[in-house]
Structure formats: C-alpha cells, structure tokens
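The primary structure of each chain is shown beneath.
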Amino acid sequence: MSHSTAPSLRTVTLDDVRGARKMLAGVARTTAMESSRHLSRQVGAPVHLKCENLQRTGSFKLRGAYVRIAGLLPEERAAGVVAASAGNHAQGVALASSLLGVRSTVFMPKGAPLPKISATREYGAEVRLHGQVVDESLAAATRYARETGAVFIHPFDHPDVIAGQGTVGLEILEQCPEVRTVVVGVGGGGLAAGIAVAVKALRPDVRIVGVQAAGAAAYPPSLAAGRPVSVRDPATMADGIKVGRPGDVPFGIVGELLDEVCTVTEDELSAALLLCLERAKLVVEPAGASPVAALMSRPGAFEGPVVAVLSGGNVDPVLMERVLRHGMAAQGRYLAVRLRLTDRPGALASLLGALSVVDANVLDVSHVRTDPRLGLTEVEVELHLETKGPAHCAEVEHALREAGYTVMD
C-alpha cells in the first residue's frame, strides 16, 4: 500500500488488491452473488448480480476509503481526513474513519439528498454543506485540507482506493469461477480499474465491460484522445457515475485492461432500476443499475456467464419515485395524456367510461380552466394512466381519438 498523500500514478497490482483484502477482513462484507433468471433469459446465458448495494453504507465505497485511511501514517491520521461527495463516498469515508478512530470532515453540496446527509453524520463525520454541485464541495474540501493539514481522501484517483475496490473482483472470481464477462458502472473509474486489476491478473480471458451514462460519458472521448478529457456539464440521474473527468490513476488502468466502455440512456437506466426492484427484489440506485441497463439494451453482446456489479443502493426516495415512474413510462406501462373537453356536467364521467372500455387504470386527473389557449367552454384535462405496454398505450390513444377527444401533443 502507498503511504504517500501526493497524487501518484503508481500502478496497482494484484498483490495490492490482496493486501487490501487482508485489511478489509471483518470490515467489509463479502456481498452476495444472486442469479437472475429474467436477465439470463434475455441474454441467453447465466447472469449473476454482485450485490454491492448490500455492502455496509450501501455501496462499494467503504472498501477503498478504508484501505486508503488505514494506510495513512500516524501523523497523517492525527491531522484527520477530509472528503467531498454527494453521497456514497461520503458515507464510506465517514464509517471508515470512525472504525479507524480518525476524525473526518465531509463537504457535501447543499442539494444533497437528506437521507445521505443524515447517514454521513450518523457514521461519525462532521458534515459541511457547501456549494450547489459536488465540484464546489470539492474545491472547499481541498481548501480545507490546505488550511488544516487534513488528508484529502479522493473518491477514485488514488492507488490505495483502487486496490480496495479491486477486492470486489477477487470475490467475483471466487463466487463465480466460470465467469466470462464482468459488467461494471464507470464514473471516475476506481471500481472498474480495481476489478480489472484483480480479474485480468488471474483470468486474462475474462472480458470486462465498463458502462457510463450517455450524458456523463467522459471515458470514450478520453480513451480516443489517449488522455483524460473533461465532459462539460455532465447530466444524468445516476449521480454515482456523474463524473466529468476520468481520474488519472484509473484512466491508465482502464485504458490498458478494460475491453470496452459503452453507454446507456436515462430511459435504459430507469428500466434497469425497475427490473432490479420488481424481478430481483433489490433496491439499486441508478448508477448501480447501469450494468443491468447495458445487458437489457444489448442482450446479445455479452458472453456468459455474466456478472453485473450492482455498485450501490443509496437512492433518495423522492428520486426513486420519479425514476420508477420514468421506468414505467419507458416500458409503456405508464401514459400521460392531455385532452380538451367541453366543460359541461358528465364530461369527465364520459371520458373515464371510454378509458374503462380499453382497461386503462387512471392514477391521477388534473384540470386546467384558465389557460388563454382554451375556449370559453373548454377545459384541459391531464390524465396519468397505468398501462400494459407500448401496444396498449397506442390502443388507449386510438380509442380516445375514436371517441372524439382531441389528444394534445
């Protein structure tokens, strides 16, 4: 393990990962490996889910944070540690620090989900809310490190962090020795790099595929350019992989050892999260569902047995509600329609009667009467419907038009 606090481009070896595993004994759980019959049918080969969403703190981040802090010199520990994060890394650093008796300060953006803020405090960190986005929190954390001498714990750009995350790879090989493909979400690249170091050293024949959100995909252009390239204004619901620039240390490893980095859309992430909840009975955050999204969007592209790494399960309930609705819409199981009606008694009852004929379940109804675009005797109605798939959505819209209703775009 490296004891240096300065950024290092030292490579990470299998011995580093094995050393990290010894450090993590009794600290990090060996998380479950669950098979998925539904995904196996889609892919045409066995699919297994590596459940890091069930790790302590709800994600893999504890592994790397603990190894990094455990490797500090006594005088560095005495100065305390500082980190910046919107959630998972914050909780990993907070718990790791508490277990090691090190004082921790975590800067989080003001808009960070309340459950993540409260969990970070409960794990023992002093939380400071600063800035609107993680980049602003990061700037504040690095300033704090300069001013106080606290050691900055980077979420992915350090060899010790990568070695800690690589212990997931050792577990994958032990739990599924016949694995042919590992699929893992990629943000800064720490988890993918660590897994790749462990797996490729022991099983170079195993294919490793990284997955990024299309709106925050810094790796494809970076790999094409041969150096880390920043993506301006990364945008995705998957905050765990919403990183604008690859880390220098993981970038070198990912470029050398990963076989492919692909992207998934927001619709695909939503559908994957919904599948994990409905079929696997697992609560997974959007970043953690990204490997499942890749399997669902390109089922024929992966040789089995496949292991998909569910990297985390810390999803804000408010976001979960939005994502589930989005996922249902993406699968044609949720339909929002706007109609114009004549504002007269019985008009809404007639509309609901037309919907009952085509077996559409009404979840919500809202009226607009004061829009200047509406005629004097008109009302606009927005309906949220539960439907049974794309064909049923088309049938509902057709039935409404056949019944004489104007369906608004």
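Residues numbered from 1 in each chain as written. Predicted model: local features only at pLDDT ≥ 70, side-chain atom pairs only at ≥ 80, totals over all residues. Heavy atoms only, no water.

A.B. asks: Before we go on, may I ask you to explain the overall build of the chain in this structure?
C.D. replies: For the chain, the helix and strand inventory stands at 16 helices and 14 strands. The C-alpha radius of gyration of the chain comes to 24 Å, within 12% of the 22 Å expected for a compact globule of 409 residues. Considering only C-alpha atoms, the chain reaches an extent of 80 × 50 × 40 Å along its principal axes. Looking at the 409 residues of the chain, the share that counts as buried comes to 55%. Considering only contacts within the chain whose residues lie at least 6 apart along the sequence, 73% involve residues at least 24 apart. Within the structure as shown, the chain displays about 17,100 Å² of accessible surface, and the carbon and sulfur contribution to it stands at 52%. Counting 41 positive and 43 negative side-chain charges, the chain places the centres of these two groups 4 Å from one another. (Helix = DSSP H or I, 4+ residues; strand = E, 2+ residues; numbered from the N terminus. Rg over C-alpha atoms; globule rule 2.2 N^0.38 Å. Buried < 20%, exposed > 50% of the residue type's maximum accessible area, 1.4 Å probe, protein only. Contact = heavy atoms within 4.5 Å. Areas by Shrake-Rupley, 256 points an atom, 1.4 Å probe, with all protein chains shown as cover. Lys, Arg positive; Asp, Glu negative; His and termini not counted. Charge placed at Lys NZ, Arg CZ, Asp CG, Glu CD.)

A.B. asks: Got a minute to help me understand the pairing of strand 4 (residues 104–108) in this structure?
C.D. replies: It is a general feature of regular strands that their side chains alternate between the two faces of the sheet. Across the five residues that make up strand 4, a large majority, five, are buried. Here strand 4 shows two buried faces, one formed by Ser104, Val106 and Met108 and the other by Thr105 and Phe107. Both strand 3 (residues 81–84) and strand 4 contribute to a ladder of four bridges, which runs parallel. Directly across from Ala83, in strand 4, lies its bridge partner Val106. You can see the chain leave strand 3, run along helix 5 (residues 88–100) and come back into strand 4, and the turn it takes is right-handed. As judged from the four bridges shared by strand 4 and strand 5 (residues 126–129), these two strands associate in the parallel manner. Residue pairing in the sheet places Val106 in a bridge with Val127 of strand 5. The handedness of the strand 4 to strand 5 crossover, carried by helix 6 (residues 114–122), is right-handed. (Pairing = 2+ DSSP bridges. Right-handed = clockwise from strand over helix to strand, strands pointing away.)

A.B. asks: Just to check I follow, could you spell out the nonpolar core for this structure?
C.D. replies: Membership of the largest hydrophobic core comes to 56 residues, with the highest contact counts inside it found for Ile69, Val81, Val182, Ile195 and Val309. A total of eight residues in this core trace back to one element, the largest contributor, which is helix 9 (residues 190–202). Look past the residues within four positions of Val81 in its chain and what remains in contact with it is Ile69, Leu72, Val93, Ser97, Val102, Arg103, Ser104, Thr105, Ala150, Val151 and Ile153. Among the nonpolar cores identified, the runner-up in size contains 40 residues, and Val209, Ile241, Val284 and Leu310 belong to it. (Core = buried A, V, L, I, M, F, W, Y, C linked by side-chain atoms within 4.5 Å.)

A.B. asks: Looking at this model, I keep getting lost on the sheet that holds strand 5. Mind explaining?
C.D. replies: Working definition: the strands of a sheet are paired by backbone hydrogen bonds and lie parallel or antiparallel to each other. Within the open sheet, the four strands sit side by side as 5-4-3-6. Their pairing is parallel. The open sheet is flanked by strand 5 and strand 6 (151–152), the only strands paired with a single partner. Running over the sheet, helix 7 (residues 134–148) touches strand 3, strand 4, strand 5 and strand 6 and is turned about 165 degrees from strand 3. (Axes fitted to C-alpha atoms, helices over the stretch in contact; angles between N-to-C directions.)

A.B. asks: Can you help me understand the sheet that holds strand 9 (residues 260–264) in this one?
C.D. replies: Spatially, the six strands line up as an open sheet ordered 1-2-10-7-8-9, and their pairing is mixed. Lying at the two open borders of the sheet, with one neighbouring strand each, are strand 1 (33–35) and strand 9. Taking each pair of neighbouring strands and ignoring which way they run, the sheet shows an average axis angle of 25 degrees. Bridge analysis of strand 2 (residues 47–51) against strand 10 (residues 306–310) gives five bridges, and the strand direction is parallel. Bridged to Lys50 within strand 10 is Val309. Sitting on the sheet, helix 8 (residues 159–175) touches strand 1, strand 2, strand 7 (181–185) and strand 10, and the angle it makes with strand 2 is about 140 degrees.

A.B. asks: What exactly am I supposed to notice about the confidence of the model for the chain here?
C.D. replies: Low-pLDDT stretches of the model should not have their predicted coordinates read in fine detail. Looking at the chain, pLDDT values average 90 and 94% of them are 70 or higher. Between residues 1–8, whose pLDDT stays under 50, and residues either more than four places distant or in other chains, the model counts 22 contacts. (pLDDT = per-residue confidence, 0-100.)

A.B. asks: Please explain the packing of helix 1 (residues 14–24) against helix 8 as it appears in this structure.
C.D. replies: Remark: helix 1 packs on helix 8, axes separated minimally by 8 Å, with the N-to-C direction vectors making an angle of 90 degrees. If you check the angle between helix 1 and helix 8, you find them roughly perpendicular. Contacts between helix 1 and helix 8 pair Leu14, Asp16, Val17, Arg18, Ala20, Arg21 and Leu24 from the former with Ala163, Gly164, Gly166, Thr167, Leu170, Glu171 and Glu174 from the latter. Per-class residue counts for the contact of helix 1 with helix 8 are six nonpolar, three polar and five charged. (Parallel < 35°, antiparallel > 145°, perpendicular 65-115°, else oblique. Nonpolar A, V, L, I, M, F, W, Y, C, P; charged D, E, K, R; others polar.)

A.B. asks: Teacher, can you tell me more about the packing of helix 1 against helix 3 (residues 61–70) here?
C.D. replies: Direction vectors running N to C along helix 1 and helix 3 enclose 90 degrees, while the axes themselves pass 10 Å from each other. Between helix 1 and helix 3, the angle falls in the class roughly perpendicular. Across from Ala20, Met23 and Leu24 in helix 1, the residues of helix 3 making contact are Arg63, Tyr66, Val67 and Ala70. Of the residues in the contact of helix 1 with helix 3, the class split is six nonpolar, no polar and one charged.

A.B. asks: Mind showing me how you'd approach the environment of Gly288 here?
C.D. replies: Along the chain, Gly288 turns up in helix 13 (residues 286–297). Sequence-distant contacts of Gly288, that is, excluding residues within four places in its chain, are made with Val309, Leu310, Ser311 and Gly312.

A.B. asks: Help me understand helix 7 in this model?
C.D. replies: Residue pairs three or four apart in sequence face the same way in an α-helix, which turns once every 3.6 residues. When the terminal C-alpha atoms of helix 7 are compared, their 21 Å separation across 15 residues agrees well with the 21 Å that a helix rising 1.5 Å per residue should span. Looking one or two residues past helix 7, Gly149 carries a phi angle of roughly 85 degrees, positive in sign. (Expected span 1.5 Å × (residues − 1).)

A.B. asks: Honestly, the state of the cysteines in this entry has me stumped. Any pointers?
C.D. replies: Formally, a disulfide is one covalent bond, and it connects the sulfur atom of one cysteine to the sulfur atom of another. Inspection of every chain in the model, using the stated rule, returns zero disulfides. For the unlinked cysteine Cys262, the closest cysteine sulfur is that of Cys276, found at 15 Å. In this structure Cys276 is not part of a disulfide, and its nearest cysteine sulfur, from Cys51, lies 8.8 Å away. (Disulfide = S-S within 2.5 Å.)

A.B. asks: Quick question: what am I supposed to make of the side chain of Gln165 here?
C.D. replies: Relative to the helices and strands, Gln165 resides in helix 8. Each residue touching Gln165, except ones within four places of it in the same chain, is listed here: Phe60, Lys61, Arg63, Gly64, Pro155, Gly190, Leu191 and Ile195.

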